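Reading the structure
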Amino acid sequence: MRIALVPHIRREHSMGLARDLVIEARGHGVDVVAAADAADALEVNATRFEADAGLDLVVAIGGDGTVLKAVRIGRGSGAPVFGINDGRLGFLAEGAPHDLPMIVKQLISGRWHTSDRMLLAASVEGGRAVMGLNDVVIEKVQNQRTVQLAVSIDDEPFITYRADGVVVATATGSTAYNLSAGGPLIDPALDMLVMTPVAPHSLFSRSLVFPPDRRLRFEVGEDRSVGVGVDGFDLGIVRPGGLIEVGGAGRVSFVSLSARSFPATVKQKFSLP
């Protein structure tokens, strides 16, 4: 078995967990490699995340941001992703640090489930599409200044928002910025895009849900630029008249050590009675 580690390199506790995992996994005869930015510190070989790298599993150690990084850089390997939560809420990272020996044994034994999660992608001005798991965020870059975004769905003009921004999320990403903006929580087993305006100056402020094959286009209006990000990865500034396109972009597999339901996960993460 060959496992690739993607730890949070600026969090010493996460790096410590990664070192412990290396020791534990090697004790079971597992070949452990790591992302290039962490390999030297973990004293393992660096790996390419490509189909011929022979990876059986990609393990992210950190918070949800680290899991998103593991998805972004590891998708080309075709290996499923598992997250060990060393952050706060941790919707994407299931494993608990104190269970590390048990986690390693369970991963090695193959006693785990996989589930596919939908991905999305955004492109600016017809450029290269950037893939993400959670969301695309289009937002103002100037404080106290709303932006204007003309939205088209499959080339059909729909609405022009004047707002702080717009979030387009997958079901997996519905628990992130989408939720903070007033959008719905969605079971990640569903394939969909949910569009939620952020602080809109409009009577129509509801989230809209679309099938994954819809193409959403946003034209920046007036004299105010917007910033665009995919899962926190900055795509830059788009000036008035610029276009941003968003759509579905395939799937990625996640590993789960239990068959816990989405409602049960929501109850645990939000400490519901």
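The structure displayed is predicted, hence computed values, not measured ones.

This part covers the packing of aromatic side chains. Inspection of the entire model under this criterion finds one aromatic pair. An angle of 80° between the planes, with centres 6.4 Å apart, marks the rings of Phe-158 and Phe-204 as edge-to-face. Here Phe-204 lies in the loop between strand E12 (193-198) and strand E13 (208-210) and Phe-158 lies in strand E10 (residues 156-163), a separation of 46 residues in the sequence. When its relative accessible area of 33% is taken as the criterion, Phe-204 is described as partly exposed. Lying across the ring of Phe-254, Arg-117 places its NZ or CZ 5.0 Å from the centre.

Before going further, it helps to spend a moment on the pattern of salt bridges. Taken as a whole, this structure holds 12 salt bridges when the rule is applied. When the shortest N-O distance is used, the salt bridge between Asp-116 and Arg-251 registers 3.7 Å. Taken together, the positions of Asp-116 in strand E6 (residues 113-124) and Arg-251 in strand E17 (residues 243-256) put the pair 135 residues apart, joining distant regions of the chain. Between Arg-214 and Asp-213 there is a salt bridge; the shortest N-O distance is 3.8 Å. Classification of Arg-214 as partly exposed rests on a relative accessible area of 31%. Linked through salt bridges whose partners overlap, the residues forming this network are Arg-48, Glu-50 and Asp-52.

Here the focus is a nonpolar patch on the surface. Residues Leu-185, Phe-270 and Leu-272 make up a contiguous nonpolar surface patch of roughly 240 Å² in combined accessible area. Overall, Phe-270 belongs to the partly exposed group, its relative accessible area being 33%.

With that out of the way, let us pick up the sheet that holds strand E8 (residues 135-140). Pairing is antiparallel in the open sheet, where six strands are placed in the order E13-E12-E11-E8-E15-E16. If you trace the sheet from one side to the other, it starts and ends with E13 and strand E16 (233-238), each paired once. Between one strand and the next, the sheet's axes are offset by a mean angle of 15°, whatever the strand orientation. Relative to E13, E12 runs antiparallel, the two sharing three bridges. Each bridged residue has a counterpart across the sheet, and for Val-194 the counterpart in E13 is Val-209.

So, on to the packing of helix H1 (residues 12-26) against helix H4 (residues 100-109). Where H1 meets H4, the axes come as close as 10 Å, and the angle between the chain directions of the two elements is 50°. The angle between H1 and H4 falls in the class oblique. Between H1 and H4 lies a crossing of right-handed hand. On H4, the residues that touch Leu-17, Asp-20, Leu-21, Glu-24 and Ala-25 of H1 are Leu-100, Pro-101 and Val-104. For the contact of H1 with H4, the residue count by class is six nonpolar, no polar and two charged.

With that settled, the discussion passes to helix H3 (residues 64-74). Turn by turn, an α-helix covers 3.6 residues, leaving residues three or four places apart pointing in a common direction. Along H3, the residues that are buried comprise Thr-66, Val-67, Leu-68, Ala-70, Val-71 and Gly-74. For H3, the secondary structure elements touched by its buried residues are strand E1 (2-7), strand E4 (57-62), strand E5 (81-85), E6, strand E7 (130-132) and E17.

Another point: unusual backbone geometry. If you check the backbone angles, Gln-144 has positive phi at about 60° while not being a glycine. Within the secondary structure layout, Gln-144 lies in the loop between E8 and strand E9 (147-153). When its relative accessible area of 79% is taken as the criterion, Gln-144 is described as exposed. Although it is not a glycine, Glu-222 sits at a positive phi angle of roughly 55°. With respect to the element layout, Glu-222 can be found in the loop between strand E14 (216-220) and strand E15 (226-230).

Reading the values: the criteria
Residues numbered from 1 in each chain as written. Predicted model: local features only at pLDDT ≥ 70, side-chain atom pairs only at ≥ 80, totals over all residues. Heavy atoms only, no water. Phe/Tyr/Trp six-rings, centres within 6.5 Å; stacked < 30°, edge-to-face > 60°. Helix = DSSP H or I, 4+ residues; strand = E, 2+ residues; numbered from the N terminus. Buried < 20%, exposed > 50% of the residue type's maximum accessible area, 1.4 Å probe, protein only. Lys NZ or Arg CZ within 6 Å of the ring centre and 35° of its normal. Salt bridge = Lys/Arg side-chain N within 4 Å of Asp/Glu carboxyl O. Patch = residues over 30% accessible without salt bridge, like charges linked within 9 Å, V, L, I, M, F, W, Y side chains within 5 Å. Areas by Shrake-Rupley, 256 points an atom, 1.4 Å probe, with all protein chains shown as cover. Pairing = 2+ DSSP bridges. Axes fitted to C-alpha atoms, helices over the stretch in contact; angles between N-to-C directions. Parallel < 35°, antiparallel > 145°, perpendicular 65-115°, else oblique. Left-handed = near helix turned anticlockwise from the far one by under 90°. Contact = heavy atoms within 4.5 Å. Nonpolar A, V, L, I, M, F, W, Y, C, P; charged D, E, K, R; others polar.

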